[in-house]
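Below, each chain spelled out in residue letters.
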Amino acid sequence: MTQPALTEEQTEPRLQPPSGPVIAARSPWQLFRSRFMQDRIAVAGAVTIALLVVLALAAPLFKLVVHRGPNDLFGSTMLTKDLGLPKGPNGRFWFGGDTVGRDVFLRTIYGLRTSLTVAIIATGLASLIGVVLGMIAGFRGGVVDTGISRLVDIVLSLPILLFAIGISSVCSTSPNGCLHGLLQPGLSLVIGIIVLFTWPQMARIVRGQVLSLREREFVEAAYSLGARPSRIMLRELLPNVVAPIVVYTSLIIPANILFEAYLSFLGVGVPQSTPSWGRMLADASSGQLFTYAWWMLACPGAFLLVTTLSFNLVGDGLRDALSPER
Amino acid sequence: MWRYILRRLMWVIVVLLVITLITFVIFFVMPSVDPAVAFAGRQPTPEIVAEVKRQFGLDHPVWEQYLLFVRHLFLGDRYGWPGLGFSFASRSAIKPELFSRFLITAQLAVGAALVWLSIGIPIGVASAVRRRSLLDRAAMAFALFFVSMPVFLLGLLALWLLWFKWHLTPGTGYISVGTNFGSWLGHMILPWFVLAMLFAAFYARMTRGNLIETMAQDYIRTARVKGLPEWKVILKHGLRASLTPVVTMFGMDLGSLFGTAVVTESVFNLQGMGQWAIISVFAGDIPTVLAVVSVTAVAIALCNLIVDVLYAYLDPRVRYS
Amino acid sequence: MMGNNRRKLSMVGLALVVTLLAAACSSNKNSGTTNQGGAGTAQKGGVYRTALSDFGFTGGFDPTGEYLGLAWDMFSTMARTLVSYKFVAGADGNKLNPDLATDLPTPTDNGLTYTFKLKPNLKFSPPVNRAITSKDIEYAFERINAKPLVAQYGFYYYGVIKGMDGNATAPAPISGIETPNDSTIVFHLTKPTGDFLYRLALPATAPVPQEVGKCATKAGDYGRYIISSGPYMFQGLDKLTVSSCAAIKPVAGFDPTKKMYLVRNPNWDAASDSLRHAYVDGIKIDVDSNVDDIFNKVQSGALDGSLGDQPPKTILRQYLTDQNKKKYLHVDSGDRTWYVFLNTTTPPFDDLHVRKAANYVMDKAAIAQAWGGSTSGQVATHIMPPTVLSDQLGADFDPYGSPDHTGDVAKAMAEMKQSKYDTNKDGKCDAPACRGLVMVNRNVAPWTDTEPVVVTSLAKIGIQVKPRELARGAAYQTTQTIKNQIPVGLNAGWGKDYPDAFSFAGSIFSSADLVATGNPNYAMIGTTPAQVKDFGIKVPPGWVAPTVDSDIDNCQKIPATDPTRVTCWAALDKKLMNEIVPWVPYLWANVTTLTAPSVTHYEFDQFSAEPSLVNIAVNNKEKLGS
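So, here is what we can say about the structure in this document. (Residues numbered from 1 in each chain as written. Chains lettered and ligands numbered in written order. Predicted model: local features only at pLDDT ≥ 70, side-chain atom pairs only at ≥ 80, totals over all residues.)

### Overview of the overall build of chain B
Right, on to step 1. Scanning chain B from N- to C-terminus turns up 13 helices and zero strands.
Right, on to step 2. What you see in chain B, going N to C, is helices and strands ordered as α-α-α-α-α-α-α-α-α-α-α-α-α.
Right, on to step 3. Considered along the principal axes of its C-alpha atoms, chain B spans approximately 85 × 55 × 35 Å.
Right, on to step 4. Each of the 321 residues in chain B was classed as buried or not, and the buried ones make up 47%. (Helix = DSSP H or I, 4+ residues; strand = E, 2+ residues; numbered from the N terminus. Buried ≥ 20, exposed ≤ 12 C-beta atoms within 10 Å, placed from the backbone.)

### What to know about helix α6 (residues 134–147) of chain B
All names here are of chain B.
Right, on to step 1. Counted at 1.5 Å a residue, the expected span for α6 with its 14 residues is 20 Å, and the 20 Å between its end C-alpha atoms agrees.
Right, on to step 2. Those residues of α6 that fall on the buried side of the exposure criterion are Ala 139, Met 140, Ala 143, Leu 144 and Val 147. Around the axis of α6, the buried residues are gathered within 135° of arc, so they sit on the same side. Among the exposed residues of α6, those pointing more than 90 degrees away from its buried face are Leu 134, Ala 138 and Ala 141. (Expected span 1.5 Å × (residues − 1). Arc of directions from axis to C-beta.)

### Here we look at the interface of chain A and chain B
Right, on to step 1. Each partner contributes residues to the interface: chain A has 37 residues there, and chain B has 36 residues.
Right, on to step 2. Breaking the side of chain A that touches chain B down by element, the ones donating at least two residues are α6 (142–157), α7 (160–173), α8 (187–214), α10 (229–265), α11 (277–285) and α12 (294–322) of chain A.
Right, on to step 3. Element by element, the count of residues in the side of chain A that touches chain B is highest for α7(A), at 10 residues.
Right, on to step 4. Among the residues forming the side of chain A that touches chain B, the class breakdown is 20 nonpolar, 11 polar and six charged. (Contact = placed C-beta atoms within 7 Å. Nonpolar A, V, L, I, M, F, W, Y, C, P; charged D, E, K, R; others polar.)

### Points about the sheet that holds strand β15 (residues 465–470) of chain C
Residues and elements named next belong to chain C.
Right, on to step 1. Within the open sheet, the six strands sit side by side as β13-β17-β12-β16-β14-β15. Their pairing is mixed. Every other strand in the sheet has two partners, leaving β13 (377–379) and β15 as the edge strands with one partner each. Neighbour-to-neighbour, the strand axes of the sheet open up by a mean angle of 30°, direction not taken into account.
Right, on to step 2. Against the sheet, helix α13 (residues 472–480) engages β14 (437–442), β15 and β16 (488–495), with an angle of about 140° to β14. (Pairing = 2+ DSSP bridges. Axes fitted to C-alpha atoms, helices over the stretch in contact; angles between N-to-C directions.)

### As for the environment of Met273(B)
Residue and element names in this part refer to chain B.
Right, on to step 1. Relative to the elements of secondary structure, Met 273 occurs in helix α11 (residues 273–283).
Right, on to step 2. Met 273 gets classed as buried once you count the C-beta atoms within 10 Å, which come to 32.
Right, on to step 3. Separated by 18 residues in sequence, Met 273 and Ala 291 have C-alpha atoms that sit 9.7 Å apart.
Right, on to step 4. Beyond its immediate chain neighbours, meaning those up to four positions away, Met 273 contacts Leu 98, Arg 101, Phe 102, Thr 105 and Val 292.

### Describing the interface of chain C and chain B
Right, on to step 1. Listed as interface residues are 41 residues of chain C and, on the opposing side, 37 residues of chain B.
Right, on to step 2. Of the residues forming the side of chain C that touches chain B, the biggest block, four residues, is contributed by α13(C).
Right, on to step 3. Residue composition of the side of chain C that touches chain B, grouped by class: 14 nonpolar, 16 polar and 11 charged.

And the structure:
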């Protein structure tokens, strides 16, 4: 007959609490934070993002200072007399005017709001859908997995641009948009299209992660303790999947800003009254306008570069901090 | 292995059916451009519109049109097999046109893929090996620049600078390989690079990240201790493991490749499928759109299949799941 | 010091004189004359290489059906008609001349019978190689009359020529067309039609050899192997086998998605054709989806000229400012009006005062600037361009004028105060009907640049619009579907079909022009109560459509040779602007073409409003094999 193993508590006498400083173990969160903070470049990226967000939120304040808005036309001063070509930077208009005489710099600032809104909301929604479906697929396996995986296959095989044009055209021609007014031409439609076509990537990645984690001991342990599947998914799997999700999300955000640019280039982006970088870049490209009005390209282009750079640096930093080099 | 492949091939057919069904729904059930009206000219009388509708086969109920389409696709129509119908715009058979355009798109896609793999992965490896060196920083800067550049912008800028201003490359258009190899190459180089840059940058970063992670594993240390030369350690052991996610990524990128190729084809006037599809969507030439969508879906599904088979070959664990 | 200043002053003075001289010597851009001419400098030979972004054919380039203006320019190379034009610019280019016929007949039988005699030595191109007879012209009308061949402008002939109603199931002899011998053809009309001769200059009436035409049983088929009667033919047409219908294949030289290459028609008799010089040995039209690339190629000399597409402002600017390049810039009148339409069935535009206010407030100068300034056209002050009215009604008739065309807000508000939609009489529309109006627009320049101007202008009188930017086809279809009842649209334009104002004002303002889909009468002028029910639209209670039906009928009764006909149309234009107000016309557009130095003689075809392919000459040494 075997004796149950004695626990440590039973074998050793109770010790007095030690005097002097306590060396406490750091939680994973604290470890992660300190590692991230040490990566100067990633921190710089994060700070830049924070600044951009502040700038985006503060955009309407600009209006109070300069007494003009992003949609105000200044054709008489900012367009050449005969051909109506835009005029370049001057004291008032830091980055000149665009093809209708609007303030390029102001539109770029407002465009930051649009691009960030689209990217963050679209990425957020797509990630949510992707994570949920990916986790369920990876964890459940079997028919559910097959079903979701096949759905992912189908959406990945859809010709994105064709469908984006098609859906957008369709939803623009009826006076009330699609889905009973839920998808109006403009911001909501662009977000809808981006979400529709980007959730599968996240689902695939999460599913892959869950598949490999599923066989690990801690999951087995949770099972044997009688935990329900949903609890396992939430409490055991999710924290371990967070790392790639966060990294991927930070890298997808700039990609979605570019996606919006593609849609604008094809003529299915947001309407003119909502400034967006994608639209501004597309306008600067049409008719090779950038060969003449370099400022129409430089301003949104520079901001786009900085934003993308920051998100990518933060993404890299997150990845390095979450899974450090040993 | 063979049963796996066979099952996936069946799946390709299912994907084809689902995607064409979705296309039908978007373009027929909620049309923005009624093809019968679009191709009936200016100020058409209702009689003319009805006649055009009849000639285009649009006077049947939508579900009947769909079934007819599926039947033609698998069994062929009067123009041959697969039955892709006739284009509303050119009033002639789609099949021969689609075939020649598919070849051009394939040339663009394959060429670009070769370019970005041969640029992106070596740069990623070099960056990973020489971490935080000047080479690494420069390479990552290059990668980040191209990752934030929309393809259409890159294409237009490149064309304007390299062809129009500096006369370094031949202009737009497509010259077939048979006509003149040098001319063909000259015309394809710029589109290849423009299309490849975005992916090259992405793959460089990804390879770098994966390789860094892999190189930190224990078995790499073991390999070094065993006395293997460093390059063998990196290439034989490190790279093989870090390439599996690259392969997965490649599979997913094929879908977006066809999308980005559309823009490249338009800018460089390469008469590929993408350019044709875009024109057809705007014109309301639905049979052409359906044909391109079908062929693209099958091509992507097949490519994904090949990629998955490769993946299974590289990683034995996957085979048995 | 003094010497330096004096020298400087004299240099400045010299520069001024030179500039003034140059300005005086450069031709008036809006008069429709070309900058380069002189048949003496033209020589034969070479190949004219051009490109366009998209053919855009709606009828597969089948002459029986094709209704696109650009296609008519191409038909001038291969589809001669009984009467035709000189394919030159200006008023001379809008005059009819005999082409296949020996002369322009005057109708007999009170305007009901037209008799034509054909010139000798007219032959079809290879592979048909035989004489063109009157039967071949009659066959063309049989094709127009056959329903399956979808003659898109068949309405010009149905009910006009006896026996033509568009319902024939296949081409069959027409009772109203007689061919007593091979060189005579007689048309019997059901009612006097003053502009009938103009209708005989349209490509659908060009002769078609029955032995080939009978094989083209579907609309669009014949477009791939048109047998030519003109100076040029498709490359590879001579290799076409016509022994049986099954043997006929589309010709190599024409692919609607890629190119149209034309070579000389060996059977064309230059002596019989005084209208076409046919200088070049071949014509290459390629499709280039990158529009800017087309103009880059013209600049680099890889192409000889542009066709159909308008140059981007950046390139236009270079040609306008560089003295060496200026002569390669050609600006001609397009005989076309661009306008903002106002739908009279939708509030608040059902109120005449609101429509007038919209006309007063519109900043047309800014719109013209967005289009490209004076090169792109003239600010439109009424419905029809002066050239279509033979200059009887010029730009000085400007009922809603303002200083420099920037819009008169005060007058607009005064007009608005009289409207029922301005409830508090402050000069601004404040009823709920004034908000959230869908405004359809296209999604490319220059319409996208025009949009903010229109939105801002209308906002000044309290009308808030929601712009929707759509691709070309979708934009037009949305506005042209009556059921949609789109209140206002920015993308509307109208060009003449032939140089008689009937094809302009007469074709878009009558109740007969209203069709459920493809409707050009956006403003819904002349809608009858029965039509309101038929189309299933909602109209404000007690609404009566403004109508000009009787005015159109009156003008149409006057024969084309009578000068009072034009005066009648001019009066209609005045009535439309003063009492009906269906539109805010904003631009009488020009067609801008860029050529390369290789073009030794440029000509503009006023009829199709495109560069003339049959009268252009180049000095490049290119060759195009058959």
